[in-house]
Amino acid sequence: MSKNTYETPLSSRYASKRMRELFSPDTRYRTWRRLWVALARSERELGLPITEAQVAELEAHVDDEIDYESVARREAQLRHDVMAHIHEYGESCPGARGIIHLGATSCYVTDNADIIIYRDALKLIRGELTRAIASLSQFALKYKDMPTLGYTHYQPAQLVTVGKRACLWIQDMLLDLDELDFCITNLKFHGCRGTTGTEASFLSLFDGDHDKTRRVSELIAREFGFEGIFAVAGQTYPRKYDSRILNVLSSIAQSAYRFAGDIRLLQHDRQLQEPFESSQVGSSAMAYKRNPMRCERICSLARYVVIDALNAPMTACTQWLERTLDDSANRRISIPEAFLAVDSILRLVNNVASGICVNEGVIARTVAEYLPFIATENLLMSAVKMGGDRQAVHEIIRECSMAATERINAGEPCDLLSRLAEHEGFPMDETELLSQLDPADYIGRCPQQVEEFIGSIALEHVEAEHNDEINV
């Protein structure tokens, strides 16, 4: 492979083989050929003078190796990519050359092929997303009972469990799955609409027969597995659909960023860590380093997708009347790259989610450090039950807590319990205080919430179609 020209890292470094193949020139142009075959077949079925032999000849050459140098020469001469491919395909099918693209405009192949590729790519994304949800669901159930320090404003708060926190990540991804399924289910075929969406060329071909004109698009849509066709269209399918597609890809990127960002924060505290291979190098200079490079890459790619998704709304806004061409160059870049980036992101998410390292000792130590403060509300109630004055006890706890905090800030161990036990106005000794410091008493319904939440998830587990190695 030549290294003296630019290549996108999404292809050379990050995305899966299957996703790269979906957005390859071969897939795109062979899909055009399949669409030309389907057009000829439907036109023949509806009575146009196209022979079975011509359809068979077109079918026989769909998967021929395409001479891209010849196509490039034709396009340089014609200044039109679709016409260049029509002529090239016709060279392989001389008996059917005269009926290729009959009645169609360029968007018949360009837009319908895009929709077909986007649908297949969305299904690949769905498979990766459900894998992530499944991995995190197993993780959540495994650690549903393990108390850990919860944070609000990234400051110590009340206890949660490791598994309950994972459910927050899963819930974000389930919302993405809902949007993704809606997008896939409601994706429509463009069909044969003509230059301004009136189907006038097909109405002429079928001698004014409106039923046959309508059915030609329906037959082709059915051949490619689509139930619905847009009721009306201009020359192109509504570019609002591109917004819908990029929005759901952006949404998945947002969830992945949140997951990876949380792992990065927790890895800083050594509570959780992303996978780290035995021979992995964390830094070229600092040999001891164990950086969260996978999660950092997730966040980096996710930012790209969130920004890239703004392209589709801008394109949808600027579709003048029946169409303009200022969508073409933008869509060729923004949509494939969003798919490749999200594919990369989810592969990384799955790699991390299936191998999260839980440092139980660090988590337990952190819980023990903050538990005396977390327990103070319960201690207040117990002290009152033992005859203490609520307001007086509250003030004692406040004063002792502030003093214990100052001690911690000075690098000394927390001594809140001993301070309370030694205070003459506090009616509990240290043994009684320690008896109320079981972390399991401060996690609320976390284990039950995890079980109920995971039990409510009904997923169609989709096997990923990646046969290439995952190099992350």
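Below is a summary of the structure that appears in this document. For clarity, every value in this text was computed on a predicted model and none was experimentally measured. (Residues numbered from 1 in each chain as written. Predicted model: local features only at pLDDT ≥ 70, side-chain atom pairs only at ≥ 80, totals over all residues. Heavy atoms only, no water.)

1. What about unusual backbone geometry?
For step 1, the next point in the chain: Despite not being glycine, His101 shows a phi value in the positive range, around 70°.
For step 2, the next point in the chain: Here His101 is to be found in the loop between helix H6 (81-92) and helix H7 (106-142).
For step 3, the next point in the chain: Look at His101 and you get buried, because its relative accessible area is 13%. (Helix = DSSP H or I, 4+ residues; strand = E, 2+ residues; numbered from the N terminus. Buried < 20%, exposed > 50% of the residue type's maximum accessible area, 1.4 Å probe, protein only.)

2. Considering the layout of surface pockets
Gaps between atoms show up when a probe of the same size as a water molecule is rolled over them.
For step 1, the next point in the chain: When its volume is computed, the largest pocket comes out at roughly 910 Å³.
For step 2, the next point in the chain: Taken together, 33 residues make up the lining of the largest pocket; nearest its centre are Arg28, Tyr29, Ser328, Arg331 and Arg332.
For step 3, the next point in the chain: Sorting elements by how many residues they give to the lining of the largest pocket places helix H14 (residues 328-353) first, with 8 residues.
For step 4, the next point in the chain: Estimates place the volume of the second largest pocket at around 300 Å³.
For step 5, the next point in the chain: Every residue lining the second largest pocket is counted, 15 residues in all, and those nearest its centre are Gly150, Tyr151, Arg165, Leu168 and Asp262.
For step 6, the next point in the chain: Of all the elements in the fold, those that place two or more residues in the lining of the second largest pocket are strand E1 (147-152), strand E2 (155-161), helix H8 (162-185) and helix H11 (240-268).
For step 7, the next point in the chain: Considering only residue class, the lining of the second largest pocket consists of 8 nonpolar, 3 polar and 4 charged. (1 Å grid on protein atoms, 1.4 Å probe; cavity = no way out; pocket = protein on both sides within 12 Å on 5 of 7 lines; lining within 4 Å. Points joined across faces, edges and corners; volume = space filled by probe spheres on them. Nonpolar A, V, L, I, M, F, W, Y, C, P; charged D, E, K, R; others polar.)

3. Details of the side chain of Arg119
For step 1, the next point in the chain: Residue placement: Arg119 occurs in helix H7.
For step 2, the next point in the chain: Residue Arg119 is classed as buried on the basis of its relative accessible area, which comes to 12%.
For step 3, the next point in the chain: In terms of polar contacts, Arg119 uses its side chain to reach the backbone carbonyl oxygen of Phe224, at 2.5 Å.
For step 4, the next point in the chain: With sequence-adjacent residues up to four places away left out, Arg119 is seen in contact with Leu187, Phe224, Gly225 and Phe226. (Polar contact = N/O pair within 3.5 Å; in protein donor to acceptor, adjacent residues only side chain to side chain. Contact = heavy atoms within 4.5 Å.)

4. A short note on the packing of H7 against H11
For step 1, the next point in the chain: Two elements in contact, H7 and H11, have axes whose closest approach is 12 Å; the angle formed by their N-to-C orientations is 20°. When the interaxial angle is binned, H7 and H11 end up roughly parallel. You can see that H7 and H11 cross each other, and the crossing is left-handed. Touching Tyr118, Leu122, Ile125, Leu129 and Leu136 of H7 are Asp242, Ile245, Val248, Leu249, Ile252 and Phe259, all from H11.
For step 2, the next point in the chain: Taken together, the residues of the contact of H7 with H11 break down into 10 nonpolar, no polar and 1 charged. (Axes fitted to C-alpha atoms, helices over the stretch in contact; angles between N-to-C directions. Parallel < 35°, antiparallel > 145°, perpendicular 65-115°, else oblique. Left-handed = near helix turned anticlockwise from the far one by under 90°.)

5. Overview of the pattern of salt bridges
For step 1, the next point in the chain: Within the structure shown, the criterion is met by 29 salt bridges.
For step 2, the next point in the chain: In this structure, Glu52 and Arg44 form a salt bridge, with 3.8 Å as the shortest nitrogen-oxygen distance.
For step 3, the next point in the chain: For Glu52, a relative accessible area of 56% gives the class exposed.
For step 4, the next point in the chain: Judged by its relative accessible area of 36%, Arg44 falls in the partly exposed class.
For step 5, the next point in the chain: Put simply, Asp81 and Arg332 hold a salt bridge, and the shortest N to O gap is 2.9 Å. Linking Asp81 in helix H6 with Arg332 in helix H14, this pair joins segments that are 251 residues apart in sequence. (Salt bridge = Lys/Arg side-chain N within 4 Å of Asp/Glu carboxyl O.)

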